[in-house]
Amino acid sequence: HTTRLLARYLGMNYAFGVEFVELTLGDKGDRSNLGPTETNFHGLHGNAILSKCKIHDAIIFRNDVGLYFADKSNRFNANGLEKRLGGRMILLSRIDLGDSKPVVVGSTHKLNG
């Protein structure tokens, strides 16, 4: 898992929340760059917080599932080529800065529009 490996390499703490699982190999552009035996073994997409300080109370708030994650073909899901399980979210947590009060930080992904 990329976030865990990055945090370990940098000597940091981390919190990770799964936004969605990619069930396909992406849109036409993504697929044109793949070999014939390519699989989607690492299909987890999410948001992360990395910090040298302690991370507390990580929590996820999810948005309503919209057209981006719809079962039916539309312009947001590459005309049905991209199948995903999940939905947009924000990951929030408290970071302990030591003697001062904790700071709340967040990580999210915004779609165009």
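Note that the structure is a prediction, hence the values are computed from the model and not measured. (Residues numbered from 1 in each chain as written. Predicted model: local features only at pLDDT ≥ 70, side-chain atom pairs only at ≥ 80, totals over all residues. Heavy atoms only, no water.)

Focus on the pattern of salt bridges
Okay, step 1: Scanning the model with the defined rule gives 2 salt bridges in all.
Okay, step 2: The salt bridge partner of Arg-88 is Glu-19, with a shortest N-O separation of 2.9 Å. Remark: Glu-19 occurs in strand β1 (residues 13–22) and Arg-88 occurs in the loop between β4 (84–86) and β5 (89–96); sequence separation between them is 69 residues. With respect to burial, Arg-88 and Glu-19 carry one shared label: buried.
Okay, step 3: Between Asp-57 and Arg-94 there is a salt bridge, with its nearest N and O atoms 3.0 Å apart. With a gap of 37 residues between them, Asp-57 in strand β3 (residues 54–62) and Arg-94 in strand β5 connect regions that are remote in the sequence. (Salt bridge = Lys/Arg side-chain N within 4 Å of Asp/Glu carboxyl O. Helix = DSSP H or I, 4+ residues; strand = E, 2+ residues; numbered from the N terminus. Buried < 20%, exposed > 50% of the residue type's maximum accessible area, 1.4 Å probe, protein only.)

Comments concerning the side chain of Ser-51
Okay, step 1: Inspection of the secondary structure puts Ser-51 in strand β2 (residues 44–51).
Okay, step 2: Those residues in contact with Ser-51 that sit more than four places away from it in its chain are Met-12, Asn-13 and Ile-95. (Contact = heavy atoms within 4.5 Å.)

What to know about the pairing of β1
Okay, step 1: With 8 bridges joining them, β1 and β2 adopt antiparallel strand pairing. Each residue of the ladder has a partner; that of Gly-17, found in β2, is Asn-47.
Okay, step 2: Where β1 lies against β4, 3 bridges are found, and the strand directions are antiparallel. Paired with Glu-22 across the two strands is Arg-84, which belongs to β4. (Pairing = 2+ DSSP bridges.)

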